[in-house]
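# Observations on chain architecture
For reference, the chains in residue letters:
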Amino acid sequence: MSTTTTVLAVVLAALFLLLGSAKLAAVPAMRQAAAHVAMTTTHYRLLGALEVAAAAGLLAGLRIAALGAAASVGLILLMAGAVVVHLRSGDPAARCLPAAVVGALVAVHLVLLAGG
C-alpha cells in the first residue's frame, strides 16, 4: 500500500470519526443540520454510527484492503446521499460541495486501493 493511500485513509478516517461522533453525541450543530434537512436526531445518529463504522473500516483497511474498499464504497454512497438530501432540501449547489469533495476523495482512496 502506498504512502498516499495510507495518508488518505488516515485523514478520511479522522474526518469521519470526528463528524460521526458529533452526530452520535447530537451536538447542537448536528441537531441543527438534521433539522435543516428534515431529519430526526435518531436518523442523524444512525448516519453518525455508519460514519464511525466506516472510519474503523478505513483504518482496518490498512491491514486488510477489502475492508478499506468496503468502507470506501459505503462512504461514497453516504456522500452521494448527502448531496441528494441537500439538493432536495433546496440548498444551493455550494452547500453540497463538501459532501461531493469528500466523496470524491473517498473514491480516489478506493481507486488507489484497487490499483495496488
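Every value quoted in this text rests on a predicted model; they were computed, and no experiment measured them.

With that settled, consider the pattern of salt bridges. All told, the structure shown has one salt bridge when counted by the stated rule. Across the pair lysine 23 and glutamate 51 runs a salt bridge, and its minimum N-O distance is 3.1 Å. Placement of the pair is lysine 23 in helix 1 (residues 3-24) and glutamate 51 in helix 3 (residues 41-60), with a sequence separation of 28 residues. For the pair lysine 23 and glutamate 51, one class covers both residues: buried.

This part takes up a nonpolar patch on the surface. Judged by side-chain polarity, Met1, Val10, Leu59 and Leu62 come together as a nonpolar surface patch covering roughly 320 Å² of accessible area. Tracing the backbone shows valine 10 in helix 1.

In this section: the nonpolar core. Here is a general trend for soluble globular proteins: nonpolar side chains tend to be buried in one another's company. Among the nonpolar cores identified, the biggest contains 14 residues, and Leu12, Phe16, Leu58, Leu75, Met79, Val102 and Val106 are the most heavily contacted of them. Within the residue set of this core, elements represented by two or more residues are helix 1, helix 3, helix 4 (65-88) and helix 5 (93-115).

As a further point, take the layout of surface pockets. Of the volumes computed, that of the largest pocket is approximately 530 Å³. Where the lining of the largest pocket is concerned, the elements lending two or more residues are helix 1, helix 2 (28-36), helix 3, helix 4 and helix 5. If one sorts the elements of the lining of the largest pocket by residue count, helix 4 sits on top with six residues.

The rules we used
Residues numbered from 1 in each chain as written. Predicted model: local features only at pLDDT ≥ 70, side-chain atom pairs only at ≥ 80, totals over all residues. Heavy atoms only, no water. Salt bridge = Lys/Arg side-chain N within 4 Å of Asp/Glu carboxyl O. Helix = DSSP H or I, 4+ residues; strand = E, 2+ residues; numbered from the N terminus. Buried < 20%, exposed > 50% of the residue type's maximum accessible area, 1.4 Å probe, protein only. Patch = residues over 30% accessible without salt bridge, like charges linked within 9 Å, V, L, I, M, F, W, Y side chains within 5 Å. Areas by Shrake-Rupley, 256 points an atom, 1.4 Å probe, with all protein chains shown as cover. Core = buried A, V, L, I, M, F, W, Y, C linked by side-chain atoms within 4.5 Å. 1 Å grid on protein atoms, 1.4 Å probe; cavity = no way out; pocket = protein on both sides within 12 Å on 5 of 7 lines; lining within 4 Å. Points joined across faces, edges and corners; volume = space filled by probe spheres on them.

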